[in-house]
Amino acid sequence: CGTHKMNLFQSITSALDNTLASDPTAVIFGEDVAFGGVFRCTVGLRDKYGKDRVFNTPLCEQGIVGFGIGAAVAGATAIAEIQFADYIYPAFDQIVNEAAKYRYRSGNLFDCGSLTIRAPWGCVGHGSLYHSQSPEAFFAHCPGIKVVIPRSPVQAKGLLLSCIADKNPCIFFEPKILYRAAVEQVPEEPYIIPLSQAEILQEGSDVTLVAWGTQIHVMKEVAAMAQEKLGVSCEVIDLQTILPWDTETICKSVVKTGRLLISHEAPITGGFAAEISSTVQEECFLNLEAPISRVCGYDTPFPHIFEPFYIPDKWKCFEAIKKMINY
Amino acid sequence: SSVVSQSDSCCFFSGCSRRPTSPSNTILKCDLHRLEEGPPLKAELTRDQGLQYYRTMQTVRRMELKADQLYKQKIIRGFCHLYDGQEACAAGIEASINPTDHLITAYRAHGYTYTRGVSIKEILAELTGRKGGVAKGKGGSMHMYAPHFYGGNGIVGAQVPLGAGIALACQYQGNNQLCVTLYGDGAANQGQLFESFNMAALWKLPCIFICENNKYGMGTSVERASASIDYYKRGDFIPGIRVDGMDVLCVREATKFAADHCRSGKGPIVMELQTYRYHGHSMSDPGVSYRTREEIQEVRTKSDPISMLKERMLSNNMASVEEFKEIDVDIRKQVEEAAQFATSDPEPPLEDLCNHIFYNNPPLEVRGTNPWSKLKSVS
């Protein structure tokens, strides 16, 4: 199979292209997707597949998701785009009350499993309050949907195709800062990366580092720093699927290392690190050498001018590792 | 002073191609929805008023162009949505309401921040994220506020239910104030607008809903976004007026009419201001991939709000060319000084990061990026 150099938005386009080619019921819609999208994820698709399959919606997130749920229930593979994850909240009711509970409340008579919602996610350097948010924790609290966050082009294409194929409504958050910055050789043919399986990027024996999306790249740097400056061997794990999350891989790793650091940009209180921390201390209490560490955003709205100070950078994570090692 | 009267010649925006090219004493008639009468057919413009409107609009224009320049120099970063081209809306509305009335708008808010009383200095310093900014540097372009001016809102359409709520407070307190609630043609399709229309009409709230229709929601033209582009009719059971938003007198008279309607207890009213923005949606949008340069140029030459007012006053001998030049020079100086301040003022201190999350007394602790780092939050 041939691979092609692609950045993150191109790998998304490739996944969508594969989907539209193989699934005649697939449709893509959202604000400005027709000309290619504000992040260029849908470039060329309308010309290739027609304006009845790739079309714009007006500015109405609640309407977009509700409409997507309806289309999915009726049998279409509906791929809805929300322009920024920060704007997903008008659709929150539709996602939580309608999409997530459809199969359950109809006793499996109906479902909207062929719905996938995509949204750009995470900090971008200058996004400020409403173009930087990471809302995965809000959705992690909702049984019935899946939440997935890739770290790179190869992961993105495989995970997105998995979400589209998955028979449950999925939310796919794309780290916007990586759209152009992350470049890899990505297979042109479709392929699947299974959901709910965390990936161990680097094995280690002293500390387990867990993150997802952009933050994984920070963790890889931190692992290198820890090895070089402290002689500490870190195991770096990309969670990939936030809901349902791979408890087994994380717990097995913590049993081995005895120390866990979880990091995300979203505010610390009620962030997804809290769920991981809670579960791990239940399962691995006697294996822990130090309290579980969370290095996350501050409990403030995502700031305008203070962003470089706000984000959980490699220095803060490194500090956390030092404290755990010396506990 | 000079009396200007209405004519019923159609304008560029209502779909016709001809606009009265002679700077005559006419303002255009408004289209009406569920109204027997509209704004009066005659309007008065005194010399002082004319010069004041000119000054206001020219200040907003120069301020926005300065922001454009600072953005390109990367002194302003992040998102920046400029208002040049639409000045007559802000100036005309402010001319017809009281400072004690309330106003709320979306993110293209620098013009309204100025007309509602914030200095150019504080606006530019907020854009550059300095502590002298009107929101102490913590909000940026989309989040500027002042007494009786509620911003400055980033989420499209979210400000409209808020505006209805402010109007409710006015009604409840019986203070004869009203709320001007602005939104764009893009927001006109948000569900929460229709919820607001319903509540406002049901309870006869003193709310003027104003749609600033600049023909494009980001890059989507109105025809491609809306099943009906008669935004003044979208309130359905709420009366509506469609107004030439490039003529400051037209805007003023229509807003006065709307204000009287609200204050007399008749309930809400919808106004559509047909206007145009010269810049793209934001500084990351060149603004020419979804419209032609010719179109932008045509509006600049035939319908620019500032030129139109100036020509009207000149042709009626209400002011001289030199006087306008003096005003221009003075405004340039003020904007330059403000830009100086905005580039030299220090950024807000790190202690400000966690302030004003909650109302709390005494200061509370805010958890930081790791368990042992906590910051103080003062409110």
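The name given to chain B in an unreviewed UniProt entry is Pyruvate dehydrogenase E1 component subunit alpha, with Amphiprion ocellaris as the source organism. Its UniProt record, at the heading Function (unreviewed entry), says of chain B: "The pyruvate dehydrogenase complex catalyzes the overall conversion of pyruvate to acetyl-CoA and CO(2), and thereby links the glycolytic pathway to the tricarboxylic cycle."

Per an unreviewed UniProt entry, the recorded name for chain A is 2-oxoisovalerate dehydrogenase subunit beta, mitochondrial, and the organism is Amphiprion ocellaris. Taken verbatim from the UniProt record of chain A, the Cofactor (unreviewed entry) comment is "thiamine diphosphate".

Each helix and strand counted, chain A has 13 helices and 14 strands in total. Relative to the globule expectation of 20 Å for 327 residues, the C-alpha radius of gyration of chain A, 20 Å, shows essentially globular dimensions. In terms of overall dimensions, chain A has C-alpha extents of about 60 × 45 × 45 Å along its principal axes. Taking the intrachain contacts of chain A between residues at least 6 apart in sequence as the baseline, contacts between residues at least 24 apart amount to 81%. As displayed, chain A has an accessible area near 12,400 Å², and 54% of this comes from carbon and sulfur atoms. Both charge centroids of chain A, one from 26 positive and one from 36 negative side chains, sit 3 Å from each other.

Looking now at the UniProt feature "domain: Transketolase-like pyrimidine-binding" (unreviewed entry) in chain A. The positions that UniProt labels "domain: Transketolase-like pyrimidine-binding" (unreviewed entry) are, in the present scheme, residues 6-181 of chain A. Across residues 6-181 of chain A, the secondary structure splits into 38% helix and 18% strand, with the terminal C-alpha atoms separated by 10 Å.

Right, let's talk about the environment of A:I117 for a bit. Residues and elements named next belong to chain A. Turning to its location among the elements, I117 is positioned in strand β5 (residues 115-121). For the pair I117 and R46, spaced 71 residues apart in sequence, the C-alpha separation works out to 18 Å. For I117, the contacting residues outside a window of four places in its chain are V65, A80, I82, I88, I95, C170, I171 and F172.

Attention now moves to the sheet that holds strand β7 (residues 170-175) of chain A. All names here are of chain A. If you walk across this open sheet you meet the seven strands as β3-β2-β4-β5-β7-β6-β12, and the pairing is mixed. For this open sheet the edge positions go to β3 (54-56) and β12 (241-243), each flanked by a neighbour on one side alone. Neighbour to neighbour, the strand axes of the sheet diverge by 20 degrees on average, direction disregarded. Bridging between strand β2 (residues 26-30) and strand β4 (residues 77-81) involves five bridges; their strand directions are parallel. Across the sheet, the residue bridging to A26 is T77, located in β4.

The subject of this paragraph is the environment of B:V378. All names here are of chain B. Its location among the elements puts V378 in the segment after β13 (374-377). Separated by 14 residues in the primary sequence, V378 and L364 place their C-alpha atoms 6.9 Å from one another. For V378, the residues in contact, after removing those within four places along its chain, are N355, H356, N360 and P363.

All names here are of chain A. In the contact formed by helix α9 (residues 215-230) and helix α13 (residues 314-325), the axes pass within 9 Å of each other and the chain directions differ by 50 degrees. One finds that α9 runs oblique with respect to α13. You can see that α9 and α13 cross each other, and the crossing is right-handed. Contacts between α9 and α13 involve Q215, V218, M219, E221, V222, M225, A226, K229 and L230 on the former and, on the latter, K314, W315, C317, F318, I321 and K322. For the contact of α9 with α13, the residue count by class is ten nonpolar, one polar and four charged.

Right, let's talk about helix α11 (residues 272-284) of chain A for a bit. Residues and elements named next belong to chain A. Compared with the 18 Å implied by 1.5 Å per residue over 13 residues, the 18 Å span of α11 between its first and last C-alpha is a close match. Taken residue by residue, α11 has F272, A273, I276, S277, T279, V280 and C284 as its buried positions. Against α6 (136-140), β10 (207-211), β12, α10 (247-257), β13 (260-267) and β14 (293-297) lie the buried residues of α11.

Here we come to the pattern of salt bridges. The full count for this structure, using the stated rule, is 29 salt bridges over all chains. The shortest N-O distance in the salt bridge between A:K146 and A:D166 comes to 3.0 Å. Here A:K146 is found in strand β6 (residues 146-148), whereas its partner A:D166 is found in the loop between α7 (153-165) and β7, with 20 residues between them in sequence. The exposure class assigned to A:K146 is buried, which follows from its relative accessible area of 16%. Note that B:R252 is salt-bridged to B:E253, the shortest N-O span being 2.9 Å.

Residue and element names in this part refer to chain B. Among the secondary structure elements, Q86 is positioned in the loop between α1 (47-72) and α2 (87-96). By relative accessible area, which is 1% here, Q86 ends up buried. There is a polar contact of 3.3 Å between the side chain of Q86 and the side chain of E212. Among all residues touching Q86, those that are not within four sequence positions of it are R108, E212, N214, T275, Y276 and R277.

As a further point, take the interface of chain A and chain B. Each partner contributes to the interface: chain A provides 38 residues, whereas chain B provides 41 residues. For the pair chain A and chain B, the summed buried surface comes to about 3,100 Å²; carbon and sulfur atoms form 66% of the total. It is A:L59, A:H304 and A:F306 in chain A that bury the most area against chain B; as a group they hold 21% of the surface buried on that side. Inspection of the region where chain A meets chain B yields zero salt bridges. Remark: the boundary between chain A and chain B carries four residue pairs in polar contact (both at pLDDT 80 or more).

Another aspect to go through is the UniProt feature "domain: Dehydrogenase E1 component" (unreviewed entry) in chain B. The residues that UniProt annotates with the feature "domain: Dehydrogenase E1 component" (unreviewed entry) are residues 56-350 of chain B. Regarding residues 56-350 of chain B, the helix share stands at 45% and the strand share at 11%, and the terminal C-alpha atoms are separated by 36 Å.

Further remarks concern the nonpolar core. Among the nonpolar cores identified, the biggest contains 66 residues, and B:I93, B:Y112, B:L124, B:V180, B:I208, B:V243 and B:M271 are the most heavily contacted of them. When near neighbours in sequence (up to four residues on either side) are disregarded, B:M271 contacts B:I208, B:F209, B:I210, B:C211, B:I241, B:V243, B:A254, B:T255 and B:A258.

Residues and elements named next belong to chain A. The five strands are arranged β9-β11-β10-β13-β14 in an open sheet whose pairing can be described as mixed. Each edge of the open sheet is held by one strand with a lone partner, namely β9 (199-202) and β14. Across the sheet, the mean angle separating the axes of adjacent strands is 25 degrees when strand polarity is ignored.

In this section: the state of the cysteines. Under the defined criterion, the tally for this structure stands at zero disulfides over all chains. Unpaired in terms of disulfides, A:C170 finds its nearest cysteine sulfur in A:C163, a separation of 4.2 Å. A relative accessible area of 1% means that A:C170 is categorised as buried. Free of any disulfide, B:C179 has its nearest cysteine sulfur in B:C207, 5.1 Å distant. A residue is classified by how much of its surface remains accessible, and B:C179, at 0% relative accessible area, is buried.

Conventions we followed
- Residues numbered from 1 in each chain as written.
- Chains lettered and ligands numbered in written order.
- Predicted model: local features only at pLDDT ≥ 70, side-chain atom pairs only at ≥ 80, totals over all residues.
- Heavy atoms only, no water.
- UniProt positions renumbered as here; feature names shortened; annotations may be inferred.
- Helix = DSSP H or I, 4+ residues; strand = E, 2+ residues; numbered from the N terminus.
- Rg over C-alpha atoms; globule rule 2.2 N^0.38 Å.
- Contact = heavy atoms within 4.5 Å.
- Areas by Shrake-Rupley, 256 points an atom, 1.4 Å probe, with all protein chains shown as cover.
- Lys, Arg positive; Asp, Glu negative; His and termini not counted.
- Charge placed at Lys NZ, Arg CZ, Asp CG, Glu CD.
- Pairing = 2+ DSSP bridges.
- Axes fitted to C-alpha atoms, helices over the stretch in contact; angles between N-to-C directions.
- Parallel < 35°, antiparallel > 145°, perpendicular 65-115°, else oblique.
- Left-handed = near helix turned anticlockwise from the far one by under 90°.
- Nonpolar A, V, L, I, M, F, W, Y, C, P; charged D, E, K, R; others polar.
- Expected span 1.5 Å × (residues − 1).
- Buried < 20%, exposed > 50% of the residue type's maximum accessible area, 1.4 Å probe, protein only.
- Salt bridge = Lys/Arg side-chain N within 4 Å of Asp/Glu carboxyl O.
- Polar contact = N/O pair within 3.5 Å; in protein donor to acceptor, adjacent residues only side chain to side chain.
- Buried area = accessible area lost by both parts, 1.4 Å probe.
- Core = buried A, V, L, I, M, F, W, Y, C linked by side-chain atoms within 4.5 Å.
- Disulfide = S-S within 2.5 Å.

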